[in-house]
Amino acid sequence: MVRRIAITLAALCLAAPAASADTAQTLTRLGGAPCGKGSAFTCVSIQVPLDHFDAANPSRIRVWFAVRPATGRSDGILAIATGGPGSSGILSADAYLGSYSAEVLRHRDVVFFDQRGIGRSGGNTCPDAVNAYRLSDASVEEASGVFARACVAELRSPGLLPYVGTDQAVEDLAAFRRILDEPMILYGESYGTQYAQTYAAAHPEHLQGVIIDRKSTRLNSSHSSVSRMPSSA
């Protein structure tokens, strides 16, 4: 059974300053709307460079985020990097809320996202290729090669593939954090642990801490570790 968050404000708030902007107003300005019927999250999208590392490339793409503003005075963002790679954070958002303590929800703006190329942020998926791989009697090497070719052929936007790596994706979250203009704690589960560590290496500024969850889904203190960022970050 997934425990309720044992990591409360003692670990998550880290003497954070109050948020510098009203999150709800920012979401309204961005054209936010409920992520779905009955959802506690507001979905917004921002345009970001297709290639964050090539200033000469003018192409841009749209990346989606789901935000549940703190019910009290916000001490910053708690951003969730879900597993995969390939899972939709936005589709998981409401289901995860029951795992979070009331104190976390009172003092943190909770943010999920669909990483570029995934879900609302591109819709690149290949269910037929996945099913064929699972049913294949071929060797792992042969089945993997067939899957890779079939999946690319099935994708809606295969041209996006060179730009969906973790390095590019963390820049999307960094851009959204700058818009919200708040400090952030980043939680990563499964593949999200790689994402979170890549983000921390690239953007230690404004990052209050990183939670690495190696095994569980949702925040579970039995498998989680918390890294506090240096006070100068």
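Below, the structure is looked at part by part. Please read all numbers here as calculations on a predicted model, not as lab measurements.

**A short note on the nonpolar core**
Side chains of a nonpolar character, in soluble globular proteins, are inclined to be buried together.
Here is step 1: Among the nonpolar cores identified, the biggest contains 32 residues, and Phe-65, Val-111, Leu-173, Phe-176, Leu-186, Tyr-195 and Tyr-199 are the most heavily contacted of them.
Here is step 2: When residues of this core are traced back to their parent elements, those giving at least two are strand S2 (42-49), strand S3 (60-68), strand S4 (77-81), strand S5 (109-114), helix H7 (166-180), strand S6 (184-189), helix H8 (191-202) and strand S7 (207-213).
Here is step 3: It is H7 that contributes the most residues to this core, 7 residues altogether.
Here is step 4: Not counting residues within four places of it along the chain, the set of residues in contact with Tyr-195 comprises Ala-81, Phe-113, Gln-115, Thr-166, Ala-169, Val-170, Leu-173 and Leu-186.
Here is step 5: Membership of the second largest hydrophobic core comes to 18 residues, among which are Ala-66, Ile-90, Leu-97 and Val-104.

**Remarks on the side chain of Gln-115**
Here is step 1: Relative to the helices and strands, Gln-115 resides in the loop between S5 and helix H5 (127-135).
Here is step 2: In this structure Gln-115 comes out as buried when scored by relative accessible area, which is 9%.
Here is step 3: At 3.3 Å, the side chain of Gln-115 forms a polar contact with the side chain of Tyr-191.
Here is step 4: In this view, Gln-115 contacts Ser-121, Val-164, Ala-169, Tyr-191 and Tyr-195; residues no more than four positions away in its chain are not counted.

**Points about the environment of Asp-213**
Here is step 1: With respect to the secondary-structure elements, Asp-213 resides in strand S7.
Here is step 2: In the structure, Asp-213 is positioned 25 residues away from Gly-188 in sequence and 6.0 Å away in space, judged by C-alpha atoms.

**Here we look at the state of the cysteines**
Here is step 1: Taken as a whole and assessed by the stated rule, the structure comprises 2 disulfides.
Here is step 2: Residue pairing for Cys-35: its cysteine sulfur links by disulfide to Cys-43, the two sulfurs lying 2.0 Å apart. On the S-S bond that ties Cys-35 to Cys-43, the torsion sits near 110°, and the link is right-handed.
Here is step 3: Look at Cys-35 and you get buried, because its relative accessible area is 15%.
Here is step 4: Look at Cys-43 and you get buried, because its relative accessible area is 3%.
Here is step 5: Bridging Cys-126 to Cys-151, the disulfide has an S-S length of 2.0 Å. Residues Cys-126 and Cys-151 share a disulfide whose torsion about the S-S bond is about -75°; that sign makes it left-handed. Here the residue Cys-126 occupies a position in the loop between S5 and H5, and Cys-151 occupies one in helix H6 (residues 140-154), the gap between them amounting to 25 residues. Across this residue pair, the class does not change: Cys-126 and Cys-151 are buried.
Here is step 6: Here the disulfide map of the protein reads 1-2, 3-4, the bonded cysteines being numbered as they appear in the sequence.

**Topic: unusual backbone geometry**
Here is step 1: With a phi close to 55°, Asp-181 is a non-glycine residue in the positive phi region.
Here is step 2: Looking at the secondary structure, you find Asp-181 in the loop between H7 and S6.
Here is step 3: Owing to a relative accessible area of 41%, Asp-181 belongs among the partly exposed residues under this scheme.
Here is step 4: Its identity is not glycine, yet Ser-190 carries a phi of approximately 55°, on the positive side.
Here is step 5: With respect to the element layout, Ser-190 can be found in the loop between S6 and H8.

**Some details on the environment of Ser-157**
Here is step 1: One can find Ser-157 in the loop between H6 and H7.
Here is step 2: Of the residues examined, Ser-157 reaches a relative accessible area of 29% and is grouped as partly exposed.
Here is step 3: With sequence-adjacent residues up to four places away left out, Ser-157 is seen in contact with Gly-122 and Asn-124.

**Digging into helix H3 (residues 89-96)**
Here is step 1: Residues of H3 that are buried: Gly-89, Ile-90, Ser-92, Ala-93 and Tyr-96. Angularly, the buried residues of H3 cover 155° about the axis, an arc narrow enough to put them on a single face.
Here is step 2: Buried positions along H3 lie against S2, S3, S5 and S6.

**What to know about the pattern of salt bridges**
Here is step 1: Under the definition given, this model contains 2 salt bridges.
Here is step 2: As a salt-bridge pair, Glu-103 and Arg-106 come within 1.8 Å of each other at their nearest N and O atoms. With Glu-103 and Arg-106 both in helix H4 (residues 102-107) and 3 residues apart, this pair spans about one turn of that helix.
Here is step 3: Given a relative accessible area of 32%, Glu-103 falls into the partly exposed group.
Here is step 4: In this structure, Arg-116 engages Asp-172 in a salt bridge whose closest nitrogen and oxygen atoms are separated by 2.8 Å. Of the two residues, Arg-116 is situated in the loop between S5 and H5 and Asp-172 in helix H7; the sequence distance between them amounts to 56 residues. Here Arg-116 and Asp-172 have matching classes, each one buried.

What counts, and at which threshold
Residues numbered from 1 in each chain as written. Predicted model: local features only at pLDDT ≥ 70, side-chain atom pairs only at ≥ 80, totals over all residues. Heavy atoms only, no water. Core = buried A, V, L, I, M, F, W, Y, C linked by side-chain atoms within 4.5 Å. Buried < 20%, exposed > 50% of the residue type's maximum accessible area, 1.4 Å probe, protein only. Helix = DSSP H or I, 4+ residues; strand = E, 2+ residues; numbered from the N terminus. Contact = heavy atoms within 4.5 Å. Polar contact = N/O pair within 3.5 Å; in protein donor to acceptor, adjacent residues only side chain to side chain. Disulfide = S-S within 2.5 Å. Arc of directions from axis to C-beta. Salt bridge = Lys/Arg side-chain N within 4 Å of Asp/Glu carboxyl O.

Coordinates in, geometry out; function isn't part of it.
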